[in-house]
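One-letter residues, chain by chain:
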Amino acid sequence: MKFQRAWSLLAAMTLGVGLLAGCGQEDKDGASGSKDGGGEIKIGVNLELSGAVASYGTSEADGIQLAVDEINDDGGIDGKKIKLVKIDNKSDAAEATNAAIKLITQEQVVAIIGAATSGATVAQAQIANDNKTPLISPSGTSPTVTVNEKGEVNEFVFRTSFIDPFQGTVAANFAANDLGVKNVAIFSDNASDYSKGLASSFKEDFEKAGGKIVAEESYVAKDSDFRSTLTRIKSAKPEFIFIPGYYEEVGLIVKQAREMGIDVPLMGADGWDSPTLLDLAGADALNNTYTTNHYSSDDPDGAVKAFNDKFNEEYGKSPDAFNALGYDTVYLLKDAIERAGSVDSTKIKDALADTDGLDLVTGKYSVDENHHPIKSATILEYKDGEQVFNTKVNP
């Protein structure tokens, strides 16, 4: 991961001049070249369509396409149809950098949607800023997506999802207040900023609520045997285990934990959300587990039901949170373009930053000064292999 980040920064620095030259001359309303394509508005899609976390990217791509089809069927944006330019970043930060460069310099898109993961989004952030192209991650939850390591806001970078610390806080409060547990363990991926950030915020808020962390253990992505670590966790006798990670490892962790007789509640975050989790863990093992997430198809809200019906009609299945986030990202961008009254990227960026109280499928959406969304979180429970709506937590 460090190599990929370094490569991305080097690419951004060495290709900076070429990027600026390749974007064309400014037109009279400030948009680079003819980004609207005459009768079209070109939007880039830079997602993980293959590779380790392809489940996230492909789900978001389906939601994006559904939203674009709806908008185009309804006449487009200010009479112009949306044209998507999709590139597969292969679940790799360096590939995401290459894709961003191509979308900006060759395709001259108005904005980029993606990546799904925080790391692949951060890899594009400097390129988006330098070339004044709005970049919106549907699900990049790390604070570093919109605020860099120096504490500076990435001016042209936004997200549709809430941030990791909020998920950690929601999980901690749910464990302490709703489940009433006092002694918990944390099992996180020590190579993942996503996992470490969630673990840190969970620990801080759970201890503030009067709880005790009786064990803290870690694993590394691509591990497949977690039994020795789970044995140490079991010996600490936790009443609850927080496992913030991605579905590939989590599915095996849940399966092996249950096989070892660990029957306490397990909880994670949106990284669990994939059909593959069920394949890896099994329905029985997932009983008595919970996740924080952006959306539930069981949410009684009317807008959610309408989206569910449209998605099911198009794809023949119920949508997941990543489908909903992809869908919402298009409508977030549409709203900004309409309020900007232009395809000028700087005006779109300003409109995105001013978003306040926009109704989306995943909740009412506003943006704070750090480009972090202010929105609700949903808690889901697994019952017999199905995600079931438990409750909604407002900020």
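Within each chain, residues carry numbers counting from 1 in the order of the written sequence. Per-residue local features of the predicted model are confined to residues with pLDDT of at least 70, and side-chain atom pairs are confined, for both listing and counting, to 80 or more; whole-chain, interface and lining totals are unaffected and use all residues. Here the side-chain values reflect all heavy atoms present in the structure, with hydrogen atoms and water set aside.

### Notes on the overall build of the chain
Moving on, step 1. Put simply, DSSP marks the helices as runs of H or I at least four residues long and the strands as runs of E at least two long, and each gets a number from the N terminus on. In terms of regular secondary structure, the chain is built from 14 helices and 15 strands.
Moving on, step 2. Each radius of gyration is computed over the set of C-alpha atoms, and the globule rule expresses the reference value as 2.2 Å times the number of residues to the power 0.38. Taking 21 Å as the expected radius of gyration for a compact globule of 395 residues, we find that the chain reaches 21 Å, a close match to that expectation.
Moving on, step 3. Expressed as lengths along the three principal axes of its C-alpha atoms, the size of the chain is roughly 65 × 45 × 35 Å.
Moving on, step 4. Throughout, exposure labels follow a simple rule: accessible area from a 1.4 Å probe, protein chains only, divided by the maximum for the residue type, with under 20% read as buried, over 50% as exposed, and the rest as partly exposed. By residue count, 57% of the 395 residues in the chain fall in the buried class.
Moving on, step 5. It only takes one pair of heavy atoms within 4.5 Å for two residues to be counted as in contact. Sequence separation of 24 or more characterises 69% of the internal contacts of the chain that already satisfy a separation of 6 or more.

### Looking at the sheet that holds strand β13 (residues 373-374)
Moving on, step 1. Two strands are counted as paired when DSSP detects at least two bridges linking them. Spatially, the three strands line up as an open sheet ordered β11-β12-β13, and their pairing is antiparallel. With one partner strand each, in any of the chains shown, β11 (358-360) and β13 form the two edges of the open sheet.
Moving on, step 2. By the bridge criterion, three bridges tie β11 to strand β12 (residues 363-367) in an arrangement that is antiparallel. The partner of Asp359 across the bridge, within β12, is Lys364.
Moving on, step 3. Here helix α13 (residues 321-340) sits on the sheet in contact with β11 and β12, set at roughly 155° to β11. For helices, the fitted axis covers only the stretch in contact; all axes are lines through C-alpha atoms, and the angles between them, taken along N-to-C directions, range from 0 to 180 degrees.

### What about the sheet that holds strand β5 (residues 157-159)?
Moving on, step 1. Strand order across the open sheet formed by five strands is β2-β1-β3-β4-β5, with parallel pairing between neighbours. Each having just a single partner strand, β2 (81-88) and β5 make up the two edges of the open sheet. Adjacent strand axes in the sheet meet at a mean angle of 25° when their direction is disregarded.
Moving on, step 2. Sitting on the sheet, helix α4 (residues 93-105) is in contact with β1 (40-47), β2 and β3 (111-113), with an inclination near 170° to β1.
Moving on, step 3. Sheet contacts for helix α5 (residues 118-130): β1, β3, β4 (135-137) and β5; angle to β4, the most-contacted strand, approximately 160°.

### Looking at the pairing of strand β15 (residues 386-393)
Moving on, step 1. Inspection of the sheet shows strand β14 (residues 377-383) paired to β15 by seven bridges, in the antiparallel sense. Directly across from Ile379, in β15, lies its bridge partner Thr391.

### Focus on the pattern of salt bridges
Moving on, step 1. Salt bridges, as used here, are contacts in which a Lys or Arg side-chain nitrogen is within 4 Å of a carboxyl oxygen on Asp or Glu. Within the structure shown, the criterion is met by 17 salt bridges.
Moving on, step 2. With its nearest N and O atoms 3.8 Å apart, the salt bridge here joins Glu70 to Lys310. One end of the pair, Glu70, is in helix α3 (residues 54-73); the other, Lys310, is in helix α12 (residues 302-315), with 240 residues separating them in the sequence.
Moving on, step 3. Note that Glu155 is salt-bridged to Lys349, the shortest N-O span being 2.7 Å.

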